[in-house]
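# Secondary and tertiary structure notes
Each chain is listed here by its residues.
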Amino acid sequence: MSASSIAHDHTPLLRSLSLGLAVLLFSACASGGKHKGDVSEGTAVTPEAEEVRFPDPKRATLKEGLFVDLDSLRLFARGMTKRQLYTLLGTPHFGEGMWGVHEWNYLFNFRSNPDGDYFTCQFQVHFDAKGVAQAGYWKPQACAALLQPPAPPPPPAPMPSEPVRLSADALFAFDSATLTEAGRHSVDALLQQVRSASQVQTIQVLGYTDRIGSDGYNQVLSQRRAQAVRDALVQGGVPAAAIVAEGRGKADPLVNCTQGNRQAVIACLAPNRRVEISGLAQTR
C-alpha cells in the first residue's frame, strides 16, 4: 500500500477527532458562567444598586457616637464636597481620610425623650471619584425619618364671629365683681381659644348689667366685672396689651321684662347681666 493511500485512509479519522474536540471545547464554554451576584456586562453599578455595608460600630474611633443638630443634618445633599461635609458634620467616625476614600461613616445619637435616653443611628455617605457626595444611607433605615421637617403648628383658632357670652350670675356673686370659683373655671375654659386669637387679634371684654339700679352704679359695676375677667385672662397667659376691657352698664339689653313682681323681673333680666368676649381684627 502506498504512502498516499495510508494518508488518505486516515483523513476521515482526523476530521472526526477535530470535530469531537471542537464540540468538547464549546460545551465547556457553555457550562461556565458568572457568579450569581455578578452584574451582567454593560450594567453600571450605582450606589442604589449596591448592597450598602456598614462597618461594625465597635471599630469606630468615636464609639460613643456624637449628638448632632438635626437642622444641620437636614442640610446634607447630593453634590456636597468632602470639605463642605466636614464643615457640616465634622470628622467621620471610622478613621476615613480626606483623599482617596469613597465613603464616610458616622455614628449619630438622638434623644428619645427629655429624660436623657437616646438611640444611635449609623450614617454613610458615598462619594464619586472627585470626592463629591452622591448619596447618604441610614442604618436602621427608619432613622431617615428623623430628617423630615417638623409638622407646622396648627393655625390659631379664630374667635367666633359672634361674641362669647358669659352669664354674670354664673361668674360673680350678687352685687360683686369678684369671680367665684365656678366663674374662674368658666373663664379658664376659654383661655386656649383666646390665647390663639390674641396672636392676631385684639380681644374685647365688655361688661353689662340689667336696668335695675342707677345708671352710675351699673356703669361702675359693669366696668369692674369686665376688668375682673380681663385680669383672669392675663393671669392665664393672654398678653395684657391684647385685651381691652370696657363697661357698658345697662346698654344693649338682650331681653325686655316689664311684667311680674320684682323677683320675677330680676330673674327675667338675667340674660342682660353678662360679660361678652369677642375678637376684633387688628387695623393695618
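This one's a predicted model, so the numbers in the text were calculated from it and none came from an experiment. (Residues numbered from 1 in each chain as written. Predicted model: local features only at pLDDT ≥ 70, side-chain atom pairs only at ≥ 80, totals over all residues. Heavy atoms only, no water.)

## Notes on the layout of surface pockets
Its volume calculated, the largest pocket comes out at about 330 Å³. What lines the largest pocket is a set of 17 residues, among which Phe-174, Asp-175, Asp-210, Leu-221 and Arg-273 lie closest to the centre. Contributions of two or more residues to the lining of the largest pocket are made by helix H4 (168-171), helix H7 (215-235) and helix H8 (262-268). It is H7 that contributes the most residues to the lining of the largest pocket, four residues altogether. Tallied by class, residues from the lining of the largest pocket come to eight nonpolar, three polar and six charged. (1 Å grid on protein atoms, 1.4 Å probe; cavity = no way out; pocket = protein on both sides within 12 Å on 5 of 7 lines; lining within 4 Å. Points joined across faces, edges and corners; volume = space filled by probe spheres on them. Helix = DSSP H or I, 4+ residues; strand = E, 2+ residues; numbered from the N terminus. Nonpolar A, V, L, I, M, F, W, Y, C, P; charged D, E, K, R; others polar.)

## Let's talk about the pairing of strand S7 (residues 243-247)
The two faces of S7 differ: Ile-243, Ala-245 and Gly-247 on one face are buried, but Val-244 and Glu-246 on the other face are not. Bridge analysis of strand S6 (residues 201-208) against S7 gives five bridges, and the strand direction is parallel. Bridge assignment links Ile-203 to a residue of S7, and that residue is Ile-243. As for the winding sense of the linkage, the β-α-β connection from S6 through H7 to S7 is right-handed. (Buried < 20%, exposed > 50% of the residue type's maximum accessible area, 1.4 Å probe, protein only. Pairing = 2+ DSSP bridges. Right-handed = clockwise from strand over helix to strand, strands pointing away.)

## Digging into the state of the cysteines
Using the criterion set out here, one finds two disulfides in the structure. Note on cysteine connectivity: Cys-121 is disulfide-linked to Cys-143, with sulfurs 2.0 Å apart. A torsion of -75° about the S-S bond marks the disulfide between Cys-121 and Cys-143 as left-handed. Taken together, the positions of Cys-121 in strand S3 (residues 118-127) and Cys-143 in the loop between strand S4 (133-139) and strand S5 (164-167) put the pair 22 residues apart, joining distant regions of the chain. Side by side, Cys-121 and Cys-143 carry an identical accessibility label, which is buried. (Disulfide = S-S within 2.5 Å.)

## Comments concerning the confidence of the model for the chain
Taken as a whole, the chain shows an average pLDDT of 79; of its residues, 77% reach a score of 70 or greater. In the model of the chain, helix H1 (residues 3-31) stands out as the element of lowest mean pLDDT, 40, in contrast to H7, which has the highest, 95. Low confidence marks residues 1-49, where pLDDT is under 50. Its contacts with residues over four positions away, or in another chain, come to twelve contacts. (pLDDT = per-residue confidence, 0-100. Contact = heavy atoms within 4.5 Å.)

## Description of the packing of aromatic side chains
Summed over all chains, the structure comprises eight aromatic pairs. Relative to Phe-123, the ring of Phe-76 has its centre 5.4 Å away and its plane inclined at 90°; by these criteria the two rings are edge-to-face. Of this pair, Phe-76 sits in the loop between helix H2 (70-73) and helix H3 (82-89) while Phe-123 sits in strand S3; the two residues are 47 residues apart in sequence, bridging distant segments of the chain. Each of the two residues, Phe-76 as well as Phe-123, counts as buried. Three or more aromatic residues link up through ring pairs in this structure, and these residues are Phe-76, Tyr-106, Phe-108, Phe-110, Phe-119, Phe-123 and Trp-138. The residue whose ring lies beneath Arg-274 is Tyr-208, and the NZ or CZ to ring-centre distance is 3.8 Å. (Phe/Tyr/Trp six-rings, centres within 6.5 Å; stacked < 30°, edge-to-face > 60°. Lys NZ or Arg CZ within 6 Å of the ring centre and 35° of its normal.)

## Some remarks on the pattern of salt bridges
Under the defined criterion, the tally for this structure stands at nine salt bridges. In this structure, the salt-bridge partner of Arg-74 is Asp-71, at a minimum N-O distance of 2.9 Å. The shortest N-O distance in the salt bridge between Arg-274 and Glu-276 comes to 2.8 Å. Each of the two residues, Arg-274 as well as Glu-276, counts as buried. Linked by salt bridges that have partners in common, Arg-165, Arg-274 and Glu-276 make up one network. (Salt bridge = Lys/Arg side-chain N within 4 Å of Asp/Glu carboxyl O.)

## Looking at H3
Buried within H3 are the following residues: Lys-82, Leu-85 and Leu-89. When H3 is viewed along its axis, its buried side chains cluster within an angular range of 60° and face the same direction. Exposed and oriented more than 90 degrees from the buried face of H3 are Arg-83 and Thr-87. Elements that come into contact with the buried residues of H3 comprise strand S1 (66-67), H2, strand S2 (103-111) and S3. Positive phi appears at Gly-90, one or two residues downstream of H3, with a value of about 90°. (Arc of directions from axis to C-beta.)

## Considerations on the pairing of S2
Counting buried positions along S2 yields seven of nine residues, so the element is predominantly enclosed. Sheet topology places S2 next to S3; nine bridges connect them, and they run antiparallel. By the bridge assignment for S3, Asn-109 is matched with Thr-120. Counted between consecutive antiparallel strands, the loop separating S2 from S3 contains six residues, among which Gly-116 sits at a positive phi close to 110°.

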